[in-house]
Amino acid sequence: MAPATQAKQHYGGGDDHAILNWSADETVAAIRGKRITARRYITAVLEQARRGASLNAFITVLRDQALAAADKVDAAIAKGAKLPPLAGLAIVAKDNINLEGFPTTGGTPALQHSKPGNTAPSLRKLITAGAIVIGKANMHELAFGVTSTNLASFAQPVHNPYATNMIPGGSSGGTAVAISSRVVPCGLGTDTGGSARIPAALTGIVGFRPSLGDGGAQQRYHDDHAVVPISHTRDTVGTMGRSVADVTLLDSIIAGQGRPQAANLHGVRFGVPPVLWSGLDKNLEQVVLKARQMLEQAGAVLVHDDIPDLLTQDNKISLPLALHEPRDDIPAYLKASGITNVTIDDIARNIASPDVQDLFKAVTDDVYGGVYKDVITVQRPALQRMYADYFVKTKVSAILFPTTPLPATPIDYVNGSGNVSINGGPPQNTFGTYIQFTSPGSDAGIPGLSIPAGMTPDGLPVGIEIDGPLGSDNRLLSLGLAMEKILGHLPPPPNV
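Calculation criteria
Residues numbered from 1 in each chain as written. Predicted model: local features only at pLDDT ≥ 70, side-chain atom pairs only at ≥ 80, totals over all residues. Heavy atoms only, no water. Helix = DSSP H or I, 4+ residues; strand = E, 2+ residues; numbered from the N terminus. Rg over C-alpha atoms; globule rule 2.2 N^0.38 Å. Buried < 20%, exposed > 50% of the residue type's maximum accessible area, 1.4 Å probe, protein only. Contact = heavy atoms within 4.5 Å. Areas by Shrake-Rupley, 256 points an atom, 1.4 Å probe, with all protein chains shown as cover. Lys, Arg positive; Asp, Glu negative; His and termini not counted. Charge placed at Lys NZ, Arg CZ, Asp CG, Glu CD. Pairing = 2+ DSSP bridges. 1 Å grid on protein atoms, 1.4 Å probe; cavity = no way out; pocket = protein on both sides within 12 Å on 5 of 7 lines; lining within 4 Å. Points joined across faces, edges and corners; volume = space filled by probe spheres on them. Nonpolar A, V, L, I, M, F, W, Y, C, P; charged D, E, K, R; others polar. pLDDT = per-residue confidence, 0-100. Core = buried A, V, L, I, M, F, W, Y, C linked by side-chain atoms within 4.5 Å. Arc of directions from axis to C-beta. Axes fitted to C-alpha atoms, helices over the stretch in contact; angles between N-to-C directions. Salt bridge = Lys/Arg side-chain N within 4 Å of Asp/Glu carboxyl O. Phe/Tyr/Trp six-rings, centres within 6.5 Å; stacked < 30°, edge-to-face > 60°. Lys NZ or Arg CZ within 6 Å of the ring centre and 35° of its normal. Polar contact = N/O pair within 3.5 Å; in protein donor to acceptor, adjacent residues only side chain to side chain.

Chemist: Got a minute to help me understand the overall build of the protein chain in this structure?
Modeler: Regarding its fold elements, the protein chain presents 18 helices and 13 strands. The globule rule puts the C-alpha radius of gyration for 496 residues at 23 Å, and the 21 Å found for the protein chain is close to it. The principal-axis extents of the C-alpha atoms in the protein chain amount to approximately 60 × 55 × 45 Å. Here the protein chain holds 496 residues, and the buried ones make up 62% of them. Considering only contacts in the protein chain between residues 6 or more positions apart, those separated by 24 or more positions represent 79%. About 17,600 Å² of surface is accessible on the protein chain, with carbon and sulfur atoms providing 52% of the total. Looking at charge distribution, the protein chain has the averaged site of its 40 positive side-chain charges lying 7 Å from that of its 43 negative ones.

Here it is, written out as C-alpha cells:
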C-alpha cells in the first residue's frame, strides 16, 4: 500500500456538519428533545464513516444493526416511553472488546472470524443505557504497539486525520480517529501502557485510563476475559471522547457513579517532576510549556520535586508483565469467550505485522518467565510505593506531564513500528519512546487522563496528561474538566 499524503477529500457533509460536531450530551438531548430522529442522526454518522473510509478507522461497520437500533429509539420516543440515558448516541468499540454475535478480531488474522459468546461488561452497560455501536474500530495488531499500523490485510494501517501520512498513535488508533474525524463523539478503547491516551494525544481528543490497582475492588471497570488481553495486571478498557465531558458521560455509566463537575484550579497542586519533562521534541515542548504556564496563570501551583528513579524502576516491570502474562491470559480469554477453534499458537503463527511478530516471539519463548515472580512481588509494589510516597510528600492532586515526548510521526509501512528520532538525534525504538511517560502509571495501576494541549507549528495535536493517586478517578476527571476550559479545544482536522 502506498503511503498516504494529506487528505484531499472532505469528510464532512454540509447539512450534517453541525450534527457531527455535537458533543455526546448535545446529541442525546437533541434526540430526546425530538430535534432530530435517531435514524437521521445515525444515518449522518454512517455517512461520515463512509466518507472517511480511507482513514481505516474501522474493521467492521455495523450499518444494519445501528439503523435498526435507531429505529427502536424512535419507536420508543413515539410511544412516549421512558428513555435510557444514552438513547440514540453513536459510539465505537475497539475491536478487541467483545460484542456478542459479532467478530472481535483483535486486529489479527487468527481471530478474524471469531465471534465471542459474551459482551464485555463495560460495553454492555453502554448498550443497555441506549448507546448504539456503529462499528468495531481498527487497532494495532493484538494491541501490541503504539502506531496502529496494522499490516493484516483485513485491517490496514490507520491514518491520522490531521496528517494522513502520520500515525494516529495506538493501540486504540481506530477509536481515536473515529472520534477525531467527527464520526462519533466518544467510544471505547483499551489501555495497557498508554493505548487510550497516546492516540488521544496524537489525534487531538481526550483519553482516560481508569484506576486498576491490584484488581478487585480497586479496579474501576471490570471486563475480565471479555477483552482480547495482553496483561491482566495492566489491561483496562478506556473511555475516549472529543471532550472531557464526553468521557465523563461514558465513565458515569460504566462506573455507576455521578458525573464530576469542573474543579476550581486555584491553589491545586500539580507535580511536574523533571523526569517526565525531559527529552522532548522541541515543537511539542513549546506547546506543553505554554499549557503549563496557562494553568499556572489560572491559579494552579506547580511542584517541581522529582521522582528520579521512576523510569528506571518502570523498565524493570513493563515488558515482563506484557510479554509473560499473555501466555495464560489469552487462553483464558478464548475459553471464556467460547472461542474453541483458535489457540494461542494459532494466533502467534498468523501475526501479520513484523513488529508484533518480534514482540510475540518473546511471549511464546517465555523470555521473561524467570523474572516474573520478582516483578509481581517486589518490583511492581516498589513502583506503587514510589507513587504513593510522592503524592503524600508533595501533597499534589495530580502529576502533570506531556502524554508523549513527540507528536505524530510518519507511518512505517514495512515494519509497522520501527524507529523515531527526536530533534535530529539518534534513532530510538518507536514503541519504547512513545510509552515512556504513560507506562509507569499503567504499571502502578493509577488513573491517567490525556487532554489536548495545543498544536505544533506543523498542525499536529499535542496532549498533556494528569495522573492521580489510586482511586482518585472522579477528582482527576474534575481537574480535567477545569483544565479543558483553560486550554480550549483544538480545531477539527483539515477537510473534516
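Chemist: Which parts of the structure should I look at to understand the pairing of strand E2 (residues 90-94)?
Modeler: For E2, a buried count of five out of five residues is recorded, marking the element as mostly surrounded by other parts of the structure. Residues Ala90, Val92 and Lys94 of E2 are buried on one face, and the alternating residues Ile91 and Ala93, pointing to the opposite face, are buried as well. Pairing between E2 and strand E3 (residues 132-137): five bridges, direction parallel. Following the sheet pairing, Ala90 is matched in E3 by Ile132.

Chemist: Would you mind going over empty space enclosed by the protein with me for this structure?
Modeler: To locate leftover empty space, one rolls a probe as large as a water molecule over the atoms. In the structure shown here, the tally under the stated rule is three cavities of 30 Å³ or more. What the largest cavity holds in volume is close to 190 Å³. In this structure, the largest cavity is lined by 18 residues; those nearest its centre are Ala143, Thr192, Arg234, Ala322 and Phe431. Those elements giving two or more residues to the lining of the largest cavity turn out to be helix H11 (318-324) and helix H16 (430-435). No other element matches the four residues that H11 contributes to the lining of the largest cavity. Partitioned by chemical class, the residues of the lining of the largest cavity number eleven nonpolar, six polar and one charged.

Chemist: Help me out: how do you make sense of the environment of Gly241 in this one?
Modeler: With respect to the helices and strands, the residue Gly241 is situated in strand E6 (residues 236-241). Given a relative accessible area of 0%, Gly241 falls into the buried group. Setting aside residues up to four positions removed in sequence, Gly241 forms contacts with Ile179, Pro185, Cys186, Ile205, Val206, Asp246 and Val247.

Chemist: Quick question: what am I supposed to make of the confidence of the model for the protein chain here?
Modeler: Caution applies to low-pLDDT regions: their predicted coordinates should not be interpreted in detail. In this model, the protein chain carries a mean pLDDT of 96, and residues with pLDDT of at least 70 account for 97%. Here residues 1-14 is a poorly scored stretch, pLDDT under 50, and it has 40 contacts once near neighbours within four places are set aside; other chains count.

Chemist: What am I meant to see in the nonpolar core here?
Modeler: It is characteristic of soluble globular proteins that their nonpolar side chains tend to be buried jointly. Ile42, Leu89, Ile134, Phe270, Leu400 and Ile464 are the most contacted members of the largest nonpolar core, which has 115 residues in total. Filtering out sequence-adjacent residues up to four positions away, Ile134 remains in contact with Ile42, Val45, Leu46, Phe58, Val61, Leu62, Ala66, Ala90, Ile91, Val92, Val183 and Val184. If you look at the next biggest cluster of nonpolar residues, it comprises 23 residues, including Leu142, Ala143, Leu323 and Ile344.

Chemist: Got a minute to help me understand helix H2 (residues 24-32) in this structure?
Modeler: Helical periodicity: at 3.6 residues per turn, an α-helix aligns residues three or four positions apart in one direction. For H2, the complete set of buried residues consists of Ala24, Thr27, Val28, Ala30 and Ile31. Seen from one end, H2 has its buried residues packed into an arc of 160°, which puts them on one side. The inward-facing, buried residues of H2 contact helix H3 (38-51), helix H4 (63-79), strand E4 (186-191) and helix H8 (244-255). Just past H2, the residue Lys34 takes up positive phi, approximately 65°.

Chemist: I would appreciate a short explanation of the environment of Thr43 in the present structure.
Modeler: Relative to the helices and strands, Thr43 is located in helix H3. Sequence separation between Thr43 and Arg63 is 20 residues; the distance between their C-alpha atoms is 8.8 Å.

Chemist: Explanation requested: helix H12 (residues 326-336) in the structure shown.
Modeler: Taken together, the buried positions of H12 are occupied by Pro326, Asp329, Ile330, Tyr333 and Leu334. Each buried residue of H12 lies within a common arc of 130° when the element is viewed along its axis, so the set occupies one face. Within H12, the exposed residues directed more than 90 degrees away from the buried face are Asp328 and Lys335.

Chemist: Explain the sheet that holds strand E9 (residues 398-402) to me, please; I cannot follow it from the model alone.
Modeler: Note on sheets: strands pair through backbone hydrogen bonds, and any given pair is parallel or antiparallel. Overall, mixed pairing links the eleven strands, which are arranged E1-E3-E2-E4-E6-E5-E12-E13-E9-E7-E8 in an open sheet. Of all strands in the sheet, those with a lone pairing partner are strand E1 (58-61) and strand E8 (301-303), marking the two edges. Across the sheet, the mean angle separating the axes of adjacent strands is 30° when strand polarity is ignored. Of the pairings in the sheet, the one linking E4 to E6 comprises six bridges and is antiparallel in character.

Chemist: Help me understand the pattern of salt bridges, please; the structure alone is not making it clear to me.
Modeler: Any two side chains of opposite charge can pair, on the condition that their charged atoms come close. All told, the structure shown has 18 salt bridges when counted by the stated rule. For the salt bridge of Arg349 with Asp346, the shortest nitrogen-to-oxygen distance reads 2.4 Å. On the criterion of helical spacing, the pair formed by Arg349 and Asp346 is a turn pair, its members being three residues apart in helix H13 (residues 344-349). Residue Arg349 is classed as exposed on the basis of its relative accessible area, which comes to 60%. Between Asp365 and Lys361 there is a salt bridge, with the nearest N and O atoms lying 2.6 Å from each other. A relative accessible area of 45% means that Asp365 is categorised as partly exposed. Shared partners join several salt bridges into a network, and the residues in it are Asp16, Arg40, Glu47, Arg50 and Arg51.

Chemist: So what exactly am I meant to see when it comes to the packing of aromatic side chains here?
Modeler: How two aromatic rings sit relative to each other is given by the distance of their centres and the angle of their planes. One pass over the full model with this rule turns up three aromatic pairs. Relative to Phe360, the ring of Phe144 lies with its centre 5.5 Å away and its plane at 65°, an arrangement referred to as edge-to-face. In this pair, Phe144 is assigned in the loop between E3 and helix H6 (173-180) and Phe360 in helix H14 (residues 354-364), connecting sequence segments 216 residues apart. According to the relative accessible area criterion, Phe360 is buried, its value standing at 1%. Members of the aromatic cluster, joined through ring pairs, are Tyr387, Tyr390 and Phe391. Above the plane of the ring of Trp277 lies Arg292, whose end atom (NZ or CZ) is 4.5 Å from the centre.

Chemist: Quick question: what am I supposed to make of the side chain of Thr403 here?
Modeler: Along the chain, Thr403 turns up in the loop between E9 and strand E10 (419-420). Residue class for Thr403 comes out buried when judged on its relative accessible area of 0%. Within the local environment of Thr403, its side chain forms a polar contact with the side chain of Ser450, the two groups lying 2.8 Å apart. One polar contact links the side chain of Thr403 to the main-chain amide nitrogen of Ile464, over a distance of 3.4 Å. Excluding residues that lie within four positions of it along the chain, Thr403 makes contacts with Arg197, Ile198, Ala201, Tyr434, Phe437, Thr438, Ser450, Gly463, Ile464 and Glu465.

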